[in-house]
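# Examination of the molecular architecture
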Amino acid sequence: MERRRLRLFCSITFLLLACLLMPIQSLVYSDEDSDYESLVYYIPVEQTVERGLEAFMSRSIATAKEDGATHIILEMDTPGGAVDAAGNIALLIQESDIPIITFVKNKAISAGAYIALNTDQIIMAPGATMGSAAVIDGAGNAADDKTQSYWLSEMRSAAELNDRDPQYALAMADQRIDLPELGAPKGELLTLTAQQALQVGYAEAIASNRAELLDYLELGNVEERDMEVSFSEQIARFVTHPVVIPILLSIGSLGLVLELYSPGFGVPGIMGISALLLFFFGHMFAGFAGWESMILFVIGFLLIMVEIFIPGFGIFGLLGIASVIGGMLLASFSTASMLIYIAIALVITAVATVFIFKYFGNRGPMKKIIHTDSTSTEKGYITNKTREELIGQTGTTLTPLRPSGSAVFDKERLDVVSEGGYIGQGSKIEVVYTAGSRIVVREVRENKLREE
């Protein structure tokens, strides 16, 4: 009782101290904030543009707004990425009340160029480049005419949003536009250097570092804060990458298929479930998967577990796999893309499964999957009792043997089979071999019974 009272007293004291210190802490922060004239948030836009980056951008802009930021600077170095993710990021930028500036530190290619064109200003580092924004499909080929037309209209709108000449944005995505003076004749996409971008009005200034950037923006006595990608967001960005998704699905499906053919639950099952959990976690954190997709996944997982531990002729396993696939479709940002990823995973799984069974057979880890034990008399497996004591005994056929029939041995009627061909009724026979229920006999010709 004394210990409980002491713990309760300490807890109440801690809460009271926290309540007392919170106003003091807020006053300290307010005093610090009052020393600065501006608050600038730096948001890194790096690596591939995908839906994980979209989720990070949404959180970063919301945080900057809550903290009262006066400017947001996108520090960009990206080779481009998914068109849909870039479009959603552009909407976030357009809806922001806070001025957003792009600082191209190295390159703003493809979807990166499109995002930059949606911001209020573009400032580039001396060696930076921007452009080459042709839209391609998942196989690396040029997209169809409908998609190309949509993308060109988006590039034009992004340029006109901040009074930039749209012909250069179109030249970044359309090889038919002729701009030889900028190194982009017909047949080549436009990629602007920092000096070229400044020349055509696609960059407001060239800055080597943050200090020069702030000087151009005329921001003095500024508080600078960096948005950092959290560990969970790093996982989400990795998992939602268009290349990683089919890899995860392939590992997951292959692991589950191998586990269905092995007793208990082992490494293949753990590997498969881990890959699928990683897929769902990343998509949930990125904001694409809801609870309904997780519920379907959990149901599918439980059905697969039932199939593994209580075999049901594959019914539970098939239902479980169907439920997991349904959860994937609900978790995806694009049903068409997810169907392609699932198809890729199924093909990879089928090829890998055939390869494993063909080239490894029952060796190594496949010993668990492939049944190699055999039954034999030596091991004690007997389907029917072998009558070895009958060997050498003689009897008489009760029916003709063609080659099987009935015979009597010492008043015991048995089913027998002849060693050779036909043996007539009433013939004298001898047992020469027994194996289980099979009794092989041979006619004793020299003592054959004569017909009366």
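These remarks concern the structure in this document. (Residues numbered from 1 in each chain as written. Predicted model: local features only at pLDDT ≥ 70, side-chain atom pairs only at ≥ 80, totals over all residues. Heavy atoms only, no water.)

## Focus on the pairing of strand 3 (residues 100-109)
Stated formally: Three labels apply to residues, based on accessible area from a 1.4 Å probe with only protein chains included: buried if under 20% of the type maximum, exposed if over 50%, partly exposed otherwise in between. Secondary structure elements are defined from DSSP: runs of H or I of at least 4 residues count as helices, runs of E of at least 2 residues count as strands, and each element is numbered from the N terminus. In this analysis, strands are considered paired if DSSP registers two or more bridges between them. With its strands directed away from the observer, a crossover is right-handed exactly when the path from the first strand over the helix to the second travels clockwise.
Strand 3 sits mainly inside the fold: seven of its 10 residues count as buried. As paired strands, strand 2 (residues 71-81) and strand 3 are joined by six bridges and run parallel to one another. Residue Met76 lies in a different strand from strand 3, and its bridge partner there is Val104. As paired strands, strand 3 and strand 4 (residues 121-124) are joined by four bridges and run parallel to one another. Bridge pairing in strand 4 places Phe103 opposite Ile123. In this fold, strand 3 hands off to helix 4 (residues 111-118), which returns the chain to strand 4; that crossover is right-handed.

## Section: helix 4
Of all eight residues that make up helix 4, eight are buried, and the element is covered over most of its length. Among all positions of helix 4, only Ala111, Gly112, Ala113, Tyr114, Ile115, Ala116, Leu117 and Asn118 are buried.

## Some remarks on the nonpolar core
Heads up, the rule is: Only buried residues count toward a nonpolar core. Its members are Ala, Val, Leu, Ile, Met, Phe, Trp, Tyr and Cys residues joined through side-chain atoms within 4.5 Å. Any pair of residues with heavy atoms lying within 4.5 Å of one another is described as a contacting pair.
Counting 72 residues, the largest nonpolar core has Met130 and Tyr202 as the members making the most contacts within it. The element best represented in this core is strand 1 (residues 38-49), accounting for seven residues. When sequence neighbours within four positions are dropped, the list of residues in contact with Tyr202 reads Leu117, Ile122, Met130, Ala159, Arg164, Asp165, Pro166, Tyr168, Ala169, Met172, Leu192 and Ala197. Leu276, Met328, Met338 and Ile342 belong to the second-largest nonpolar core, a separate cluster that totals 17 residues.

## Some words on the pairing of strand 10 (residues 404-409)
Relative to strand 10, strand 9 (residues 394-397) runs antiparallel, the two sharing two bridges. Bridging across to strand 10, Thr396 finds its partner in Val408. From the end of strand 9 to the start of strand 10, which pair antiparallel, there are six residues. In this structure, the hairpin formed by strand 10 and strand 11 (residues 412-418) is closed by a connection of two residues, where Asp410 is found at a positive phi of approximately 50°.

## Examining the environment of Gly127
Looking at where Gly127 falls in the secondary structure, it is placed in the loop between strand 4 and strand 5 (129-131). For the pair Gly127 and Gln195, spaced 68 residues apart in the sequence, the C-alpha separation amounts to 9.0 Å.

## With respect to the pattern of salt bridges
Keep this limit in mind: Within this document, salt bridges are pairs made up of a side-chain nitrogen of Lys or Arg and a carboxyl oxygen of Asp or Glu, the two lying within 4 Å of each other.
Enumeration according to the criterion identifies nine salt bridges in this entry. Close ionic contact of Lys107 with Asp77 constitutes a salt bridge, the shortest N to O distance being 3.4 Å. Taken together, the positions of Lys107 in strand 3 and Asp77 in strand 2 put the pair 30 residues apart, joining distant regions of the chain. Arg225 is the salt-bridge partner of Glu223, the closest N and O atoms lying 2.9 Å from each other. Residue classification places Glu223 among the buried residues on the basis of a relative accessible area of 16%. By relative accessible area, Arg225 is classed as partly exposed at 24%.

Shape descriptors only; they carry no functional weight alone.
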